[in-house]
Amino acid sequence: MAEQQININLSPEMAEGIYSNLAIISHSSSEFVIDFVRVAPGVKQANVKSRIVLAPEHAKRLLFALQDNIAKYENQFGTIQLTGQPAKGSTIPMSFGGGEA
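Residues numbered from 1 in each chain as written. Predicted model: local features only at pLDDT ≥ 70, side-chain atom pairs only at ≥ 80, totals over all residues. Heavy atoms only, no water.

Enquirer: Is there a simple way to think about the sheet that holds strand 1 (residues 22-27) in this case?
Expert: Sheets are built from strands that pair by backbone hydrogen bonding, the pairs being arranged parallel or antiparallel. Pairing within the open sheet is antiparallel, and its 3 strands lie in the order 1-2-3. Of all strands in the sheet, those bounded by a partner on one side alone are strand 1 and strand 3 (47-54). In this sheet, neighbouring strand axes are inclined to one another by 20° on average, regardless of whether the strands run parallel or antiparallel. Contacts between helix 2 (residues 56-77) and the sheet are confined to strand 2 (32-38) and strand 3, with strand 3 contributing the most and set at about 110° to the helix. (Pairing = 2+ DSSP bridges. Helix = DSSP H or I, 4+ residues; strand = E, 2+ residues; numbered from the N terminus. Axes fitted to C-alpha atoms, helices over the stretch in contact; angles between N-to-C directions. Contact = heavy atoms within 4.5 Å.)

In structure tokens:
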């Protein structure tokens, strides 16, 4: 089967991107939802800046693509150090490297 090419357009507004420093992931039997949030130090409320809804198959493809790109990044720039990360299953970290919030 021959591969099909898709032309993807990127508007100037979309090319600017939206900064996010927190992602909240949830799922149902039919989809994964990733909410991208920008949290500011000392602010008790944050708004979702973007929401992406994926079919489970596409969520798994995203996982593999991220793993591949992180490996390439670390080969070029060194290991990404994680600081202030909570243990698996615990609450969302609210510190920004300046002590506990």
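Additional details are given in the paragraphs that follow.
Enquirer: Got a minute to help me understand the pattern of salt bridges in this structure?
Expert: Two side chains with opposite charge may pair up if their charged atoms get near one another. Scanning all chains against the criterion turns up 3 salt bridges. The residue arginine 51 makes a salt bridge to aspartate 35 at a minimum N-O spacing of 2.5 Å. Note that arginine 51 is positioned in strand 3 and aspartate 35 in strand 2, a separation of 16 residues in sequence. According to the relative accessible area criterion, arginine 51 is exposed, its value standing at 54%. One salt bridge connects lysine 72 with aspartate 68, and the closest N-O pair in it is separated by 3.0 Å. You can see lysine 72 and its partner aspartate 68 sitting in helix 2, 4 residues apart, about one turn around the helix. (Salt bridge = Lys/Arg side-chain N within 4 Å of Asp/Glu carboxyl O. Buried < 20%, exposed > 50% of the residue type's maximum accessible area, 1.4 Å probe, protein only.)

Enquirer: Can you help me understand a nonpolar patch on the surface in this one?
Expert: Together, Leu62, Leu66, Ile70, Tyr73, Phe77, Ile80 and Leu82 make up a nonpolar patch on the protein surface, roughly 700 Å² of accessible area in all. On the secondary structure map, isoleucine 70 appears in helix 2. Overall, the relative accessible area of 41% leaves isoleucine 70 in the partly exposed class. (Patch = residues over 30% accessible without salt bridge, like charges linked within 9 Å, V, L, I, M, F, W, Y side chains within 5 Å. Areas by Shrake-Rupley, 256 points an atom, 1.4 Å probe, with all protein chains shown as cover.)

Enquirer: Whenever I open this one, the environment of alanine 23 confuses me. Can you help?
Expert: Looking at the secondary structure, you find alanine 23 in strand 1. For alanine 23, a relative accessible area of 42% corresponds to the partly exposed category. For the pair alanine 23 and valine 48, spaced 25 residues apart in sequence, the C-alpha to C-alpha distance is 9.1 Å. Excluding its chain neighbours within four sequence positions, the residues that come into contact with alanine 23 are Ile34, Asp35 and Phe36.

Enquirer: Please clarify how the confidence of the model for the protein should be interpreted in this entry.
Expert: Should pLDDT be low for a region, the predicted coordinates there are not to be read in detail. On average, residues of the protein score 87 in pLDDT, and 83% of them are at 70 or above. Segment residues 96-101: pLDDT under 50, and 7 contacts once partners within four positions in sequence are set aside and those in other chains are kept. (pLDDT = per-residue confidence, 0-100.)

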